[in-house]
Amino acid sequence: MAYESHEIGRDIVARYRQKTGQSDKHFEAAKSWLPGGETRRASYFPPYPTFMEKGEGCYLYDCDGNKYIDMQNNYTSLIHGHSHPRINEVARSQMEKGVVLGSAAEIQYRHAEHLCNRIPCVETVRYGNSGTEATLFAMRVARAFTGREGILKMDGGYHGMHDYAQVNIFPEPKTEGLPEPWAEPWIPRNLLKDIYIAPYNDLKTVEGILKKHKDQIAAVIVEPMFSAGGLFLPEPGYLQGMRELTERYGVLLILDEVMMFRLQYGGLHTYYGIKPDLVALGKIIGGGFPVGAVGGRKDIMELFSPAHPHPVFHSGTFNGNNITLAAGLATLELYNGKAVEQLNTMGDRLRKGLKKALQDSGIKAQVTGMGSLLMIHWRKEKPKTARDVFATLLPAWDLAGLFHLEMLNRGVFSAPRGMFVLSTPMTASEIDTAIEALEGTSALLKPYIADTLPHLITA
Ligand SMILES: Cc1ncc(COP(=O)(O)O)c(C=O)c1O
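About the cut-offs
- Residues numbered from 1 in each chain as written.
- Predicted model: local features only at pLDDT ≥ 70, side-chain atom pairs only at ≥ 80, totals over all residues.
- Heavy atoms only, no water.
- Near = heavy atom within 4 Å.
- Polar contact = N/O pair within 3.5 Å; in protein donor to acceptor, adjacent residues only side chain to side chain.
- Nonpolar A, V, L, I, M, F, W, Y, C, P; charged D, E, K, R; others polar.
- Domains from an automatic or database assignment.
- Contact = heavy atoms within 4.5 Å.
- Buried area = accessible area lost by both parts, 1.4 Å probe.
- Helix = DSSP H or I, 4+ residues; strand = E, 2+ residues; numbered from the N terminus.
- Buried < 20%, exposed > 50% of the residue type's maximum accessible area, 1.4 Å probe, protein only.
- Pairing = 2+ DSSP bridges.

1. Side note on the site of the ligand
Around the ligand sit Ser130, Gly131, Thr132, Tyr158, His159, Gly160, Glu223, Ser227, Asp256, Val258, Met259 and Lys283, and that is every residue in its neighbourhood. At 2.8 Å, a backbone N or O of Gly131 approaches an oxygen atom of the ligand. In this structure, a nitrogen atom belonging to the ligand sits 2.7 Å away from a side-chain N or O atom of Asp256. Of the residues belonging to the shell around the ligand, the class tally is 3 nonpolar, 6 polar and 3 charged.

Quick look at the structure:
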């Protein structure tokens, strides 16, 4: 690791190693059986990930017995933290009756009924097991409905692991002019001709593409707040403009709410007062179990119906499995309007505290996000596009890594890319402990920043 060439970097890594010896041993053993010792890219960080053993409320315990405030929450899928008594009770009681029964079950339409009552644009729902499947099927049904193949997505937007979603997951490497579709060589080249790319927050480019290619494009897919690497808000009027343009050019609008749904009772798009044609859902709606769902306008969703003369084939061994939906429904019922508001207020407290701590320590950084989702950017101005984010993310990669490790050393587990995710069991005490950890971490890292990224030092 490059940061081990700096004394402060070496000290942080040494203290991490000292504290997490058993994780190191597990990681060495895991390398024999898992390529690179892991099975999920997002869970890995150098020198080795912390091997967690138990979660309780908003705390995690690793295999060395260390306790952490969990501010990662399985990358946003956990809204009530770990082992919530009500969710456990419901899941256990479903388990007693069978995990998945291979047939229709009441819980499937009860969960769907809840989503339909909760999200104004959702009239009917279909389930899968991941957000990846949700966006895959949203795009597929959009193609079936419109008879067109094209998808317009945002440069740097993340919508899961399927091939259509794996285009421009990172911004196109060139930094001038408009981004063009690109993907790694293992994504079929043929597919690139059906993907259209615009920067996030850029309505003019979207309009230009739609005007020219409306007869080829089935849908625009966009997040109500940009997640991947950036976690920044849409500019005023952006989402409303997207709705207006897609309507004007007869193209469907898919809102990817897989991550952002937690931010408002009916999904984040309701905060902006827009009604998409389809929404992709996942993460918290499964109560901690694997889940994905697509919902939306009945006339589009009807294409999934087996009664349709030419239905979109949609199946999956674990679709709508009883345990996910029972735990998911209990989770959503607990996460009512008041709980959403309280959690977002907690997030605002943390955002304010992090901003102040960074400012007081004389380090230039941005804290973006909304409510229970936050992200630290090592840069002077707020980002507006993925290109902005990556321009400063890559040079500050080692700093972000050290920051994450030192927060772990101080008992706060966050996402290595600088993202913090809250859960309802958290109180002001956990928030203030995290702010204190950040104050200490900033003070420790300041000389490192002065040596490696001096433009980030204000005083
Ligand atoms: C916005 C968005 N869409 C889709 C996905 C894919 O969800 P999953 O990881 O459940 O496949 C994610 C995952 O992080 C996401 O953040």
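Now that the structure is up, let's keep going.
2. Things to note about the domain arrangement of the protein chain
According to the domain assignment, the protein chain contains domain 1 (2–79 + 337–456) and domain 2 (85–334). Each of domain 1 and domain 2 has a C-alpha centre, and the two are 28 Å apart. Each side of the interface is counted separately: domain 1 has 30 residues, and domain 2 has 39 residues. Counting each side, the surface lost to burial between domain 1 and domain 2 is near 2600 Å², with a carbon and sulfur contribution of 64%. Sorting the residues of domain 1 by area buried against domain 2 places Met370, Lys384 and Arg387 first, and these three jointly supply 28% of that buried surface. Between the two partners, domain 1 and domain 2, sit 12 residue pairs in polar contact (both at pLDDT 80 or more). Sorting the residues of the side of domain 1 that touches domain 2 by element identifies helix 3 (73–76), helix 12 (337–360), strand 11 (366–370), strand 12 (373–377), helix 13 (386–393) and strand 14 (419–421) as the ones contributing at least two each. Looking at the side of domain 1 that touches domain 2, its residues break down into 17 nonpolar, 10 polar and 3 charged.

3. Re the pairing of strand 2 (residues 59–62)
Only one face of strand 2 is covered, namely the one carrying Leu60 and Asp62; the face carrying Tyr59 and Tyr61 has none of its residues buried. One ladder, built from 4 bridges, connects strand 1 (residues 52–56) with strand 2; its direction is antiparallel. For Lys54, the partnering residue across the bridge sits in strand 2 and is Tyr61. Joining the antiparallel neighbours strand 1 and strand 2 is a turn of 2 residues, in which Gly57 adopts a positive phi near 60°. In the sheet, strand 2 pairs with strand 3 (residues 67–70) via 3 bridges, with the strands oriented antiparallel. Residue pairing across strands places Tyr59 opposite Ile69, the latter belonging to strand 3. Between strand 2 and strand 3, which follow one another and run antiparallel, lie 4 residues, and Gly65 among them has a positive phi close to 85°.

4. Digging into the environment of Lys174
On the secondary structure map, Lys174 appears in the loop between strand 5 (150–154) and strand 6 (195–198). Not counting residues up to four positions away in its chain, the partners in contact with Lys174 are Pro179, Glu180 and Arg387.

5. Some details on unusual backbone geometry
Cis geometry is found at the peptide bond from Pro46 to Pro47, where omega equals 5°. In this fold, Pro47 is placed in the loop between helix 2 (21–30) and strand 1. Unusually for a residue other than glycine, Thr76 sits at a positive phi of about 90°. Within the fold, Thr76 resides in helix 3. Phi at Asn168 takes a positive value of approximately 50°, unusual for a residue other than glycine. Mapped onto the fold, Asn168 is located in the loop between strand 5 and strand 6. You can call Asn168 buried: its relative accessible area is 0%.

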